[in-house]
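Overview (structure and organization)
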Amino acid sequence: MVTAVMLLNWTDHGIKNVKESPKRLDGVKKLAKDMGGEVKSFYMTLGVYDLVLIVDMPNNDKLASFGLKLGSLGNVRSTTLKAFPEDDYRRIISGLS
């Protein structure tokens, strides 16, 4: 599994219909599950970004497809960060010469 932190902002369409956003979140969770992944965490935030998703997907291709499908719904724009869990971080750092 690969993990991503997705920083999201509502589009004009998404904020106009913000009362529907809990139902849309349920759809996003289903989309991730249908693709073999999972939305691990969700946060509504204040500041530069409106929402944050932590997502696990089977591989980078599925992660990219998930981001594209999410964006194509027209409710949010995303900035996606590939995240390395602590074990991977320690392995990567220990391999430095």
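Structure shown above.
Attention in this report is confined to the structure presented alongside it.

A short note on the nonpolar core
Within soluble globular proteins, side chains that are nonpolar generally end up buried alongside one another. Counting 19 residues, the largest nonpolar core has Met6, Leu8, Leu53, Met57, Phe66 and Leu70 as the members making the most contacts within it. Of all the secondary structure elements, the ones that give two or more residues to this core are β1 (2–10), α2 (21–34), β3 (51–57) and α3 (60–72). Among the elements that make up this core, the one with the highest residue count is β1 (five residues).

Structural notes on the pattern of salt bridges
A pair can form between side chains of opposite charge whenever their charged atoms are brought close. Under the counting rule described, the total for this entry stands at four salt bridges. Close ionic contact of Lys40 with Glu38 constitutes a salt bridge, the shortest N to O distance being 3.5 Å. What makes Glu38 partly exposed here is its relative accessible area of 41%. With a shortest N-O distance of 2.8 Å, Glu86 and Arg90 are connected by a salt bridge. Placement of both Glu86 and Arg90 in helix α4 (residues 86–94) is noted, with a separation of four residues, approximately one turn of the helix. For Glu86, a relative accessible area of 48% puts it in the partly exposed group.

Considering the packing of α2 against α3
A packed helix pair is summarised by two numbers, namely the angle formed by the two axes and the spacing between the axes. Interaxial distance between α2 and α3 falls to 11 Å at its minimum, and their mutual angle equals 150°. Taken together, the axis directions place α2 and α3 in an arrangement best described as roughly antiparallel. In terms of crossing hand, the pair formed by α2 and α3 is right-handed. Contacts between α2 and α3 involve Val28, Leu31 and Ala32 from the first element and Phe66, Lys69 and Leu70 from the second. When grouped by side-chain class, the residues that make up the contact of α2 with α3 number five nonpolar, no polar and one charged.

Observations regarding the environment of Thr3
Relative to the assigned elements, Thr3 resides in strand β1. If near-sequence neighbours (up to four positions away) are discounted, Thr3 is found in contact with Ile54, Val55, Asp56, Leu81, Lys82 and Ala83. Only 2.6 Å separates the side chain of Thr3 from the side chain of Asp56, close enough to count as a polar contact.

Considerations on the sheet that holds β1
Here we have four strands laid out as an open sheet, ordered β2-β3-β1-β4, and antiparallel in their pairing. Sheet topology places β2 (38–44) and β4 (76–83) at the edges, where each strand pairs with a single neighbour. Between one strand axis and the next, the sheet turns through 20° on average, direction left out of account. Bridging between β1 and β4 involves eight bridges; their strand directions are antiparallel.

About the criteria used
Residues numbered from 1 in each chain as written. Predicted model: local features only at pLDDT ≥ 70, side-chain atom pairs only at ≥ 80, totals over all residues. Heavy atoms only, no water. Core = buried A, V, L, I, M, F, W, Y, C linked by side-chain atoms within 4.5 Å. Buried < 20%, exposed > 50% of the residue type's maximum accessible area, 1.4 Å probe, protein only. Helix = DSSP H or I, 4+ residues; strand = E, 2+ residues; numbered from the N terminus. Salt bridge = Lys/Arg side-chain N within 4 Å of Asp/Glu carboxyl O. Axes fitted to C-alpha atoms, helices over the stretch in contact; angles between N-to-C directions. Parallel < 35°, antiparallel > 145°, perpendicular 65-115°, else oblique. Left-handed = near helix turned anticlockwise from the far one by under 90°. Contact = heavy atoms within 4.5 Å. Nonpolar A, V, L, I, M, F, W, Y, C, P; charged D, E, K, R; others polar. Polar contact = N/O pair within 3.5 Å; in protein donor to acceptor, adjacent residues only side chain to side chain. Pairing = 2+ DSSP bridges.

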